[in-house]
Amino acid sequence: MNSSIKPRRNIAVGGPVLDGNEALYVQECLRTNSISSVGRFVADFERKFAEFCSVRHAISTCNGTCALHLALIALGLKPGDEVIVPTLTYVATANVVRYCGGRPVLVDVDRTTFNIDPAAIEAKVGPRTRGIIAVHLYGHPAEMDQVRRIAQRHQLFVVEDASEAHGAEYRGARVGGLGGCAAFSFYGNKIVTTGEGGMVTTNDDVLADKVRLYRGQGVSPHKRYWFDVVGYNYRMMNLAAAIGLAQIERVDHHLARRRQIAAHCDAQLASLSEFVLSPGEALWARHAYWMYTVLLSDKVKKTRDEILTALEDQGIETRPVFYPMHQLPPYREPGGAYPNADYCASRGICLPTHGRLTDADIERVCTTLRHILQA
Ligand SMILES: *Cc1c(COP(=O)(O)O)cnc(C)c1O
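Residues numbered from 1 in each chain as written. Predicted model: local features only at pLDDT ≥ 70, side-chain atom pairs only at ≥ 80, totals over all residues. Heavy atoms only, no water.

A. How the structure looks around the nonpolar core. Phe45, Phe49, Leu72, Leu88, Ile132, Tyr138 and Phe184 are the most contacted members of the largest nonpolar core, which totals 98 residues. If you tally residues by element for this core, the top one is helix 3 (residues 64–74), at eight residues. Residue contributions to this core reach at least three from each of two domains, namely domain 1 (22–249) and domain 2 (251–374). Setting aside residues up to four positions removed in sequence, Leu88 forms contacts with Val109, Phe114, Leu137, Val321, Phe322, Pro324, Ala341, Cys344 and Ala345. (Core = buried A, V, L, I, M, F, W, Y, C linked by side-chain atoms within 4.5 Å. Buried < 20%, exposed > 50% of the residue type's maximum accessible area, 1.4 Å probe, protein only. Helix = DSSP H or I, 4+ residues; strand = E, 2+ residues; numbered from the N terminus. Domains from an automatic or database assignment. Contact = heavy atoms within 4.5 Å.)

Below, the structure written as structure tokens:
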């Protein structure tokens, strides 16, 4: 190798920024011997997160999948029940319905927001339908008024899967309090992270008590070592909550930086508008930009995967848009037609989006993409 060629730093697609009180708080856990789920940070993080979402209750869990599962348990989902789920999502959204013995019923998405298409929901409502999970994919909120209206008409519950959308707003209201309850993920690459972690948020006192009960093995709140129900151990560690509290203290800064990054990408990609469509932001939405996700146009001759590989060869990590559920073996549906999800999944690229990107990184990503598309 020619040693005069300076190796360029790889640009990661995502990752945390841990530049607040994270280390201080983790050290406090170690110093005070409070590393399990017992400790001050669990309650402090839950309180701060509830404030952040303007909800009455925030109940921490060991990951986002557990948070979604607990939401469905607390809502009383039973074997044979059906839940409406967008086909374009992360697999956990559909899996939790199966964990309860239910059946996820898939619905196509909107091409500009990547979120559930309200106009396609009602055709999928049947006698066994119990609820709708609206996912705020990649940080853009779902069209909640329309989802709620349909839910009301058919007496269905609404759960928000807000795993990718901390701080996103729908008509001026933060996600997390827009349905019966919501689930968040704090996985290492999410907007707010605890390494592994999750949260259920709700304004419903009864539902909140149920989530707490089932999270903690179902132990009676009145009698130690007494169990009336089969519960789970889905608790968050104090160690993780310590990181979460530090993250939420600086969340406004983290969210603002993501919007700057998105605006910078928009500007850099404006001259490529023939080839790539930048992520839209509906008039009623405030995007949280978990992942800045573009769609390739018909003008692009290379395949999406060829473009991902070419970016990787230049040290730029990206990800393909999720495979829709109807393409995956557990949820495959012969004859199911989801043209918008197929369209987004075959043309979508998540570009690097995280708080450690420099302006030079963003320019390098966009310039490299331009060269690949115009080659
Ligand atoms: C990350 C994610 C989850 C699951 O969260 P984990 O913390 O990884 O269990 C669920 N739904 C969506 C849409 C996600 O992005």
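Now that the structure has been shown, the text picks up again.
B. Summary view of the environment of Thr368. Assignment of secondary structure puts Thr368 in helix 11 (residues 359–374). By relative accessible area, Thr368 is classed as buried at 10%. For the pair Thr368 and Gln314, spaced 54 residues apart in sequence, the C-alpha separation works out to 7.7 Å. If we ignore the near neighbours within four places in the chain, the residues touching Thr368 are Leu311, Gln314 and Ile316. Within the local environment of Thr368, its side chain forms a polar contact with the backbone oxygen of Arg364, the two atoms lying 2.5 Å apart. (Polar contact = N/O pair within 3.5 Å; in protein donor to acceptor, adjacent residues only side chain to side chain.)

C. Local environment of the environment of Tyr323. Here Tyr323 lies in the loop between strand 13 (319–320) and helix 10 (339–347). For the pair Tyr323 and Leu88, spaced 235 residues apart in sequence, the C-alpha to C-alpha distance is 6.9 Å. In this structure Tyr323 touches Thr89 and Leu328, once residues within four positions along its chain are discounted.

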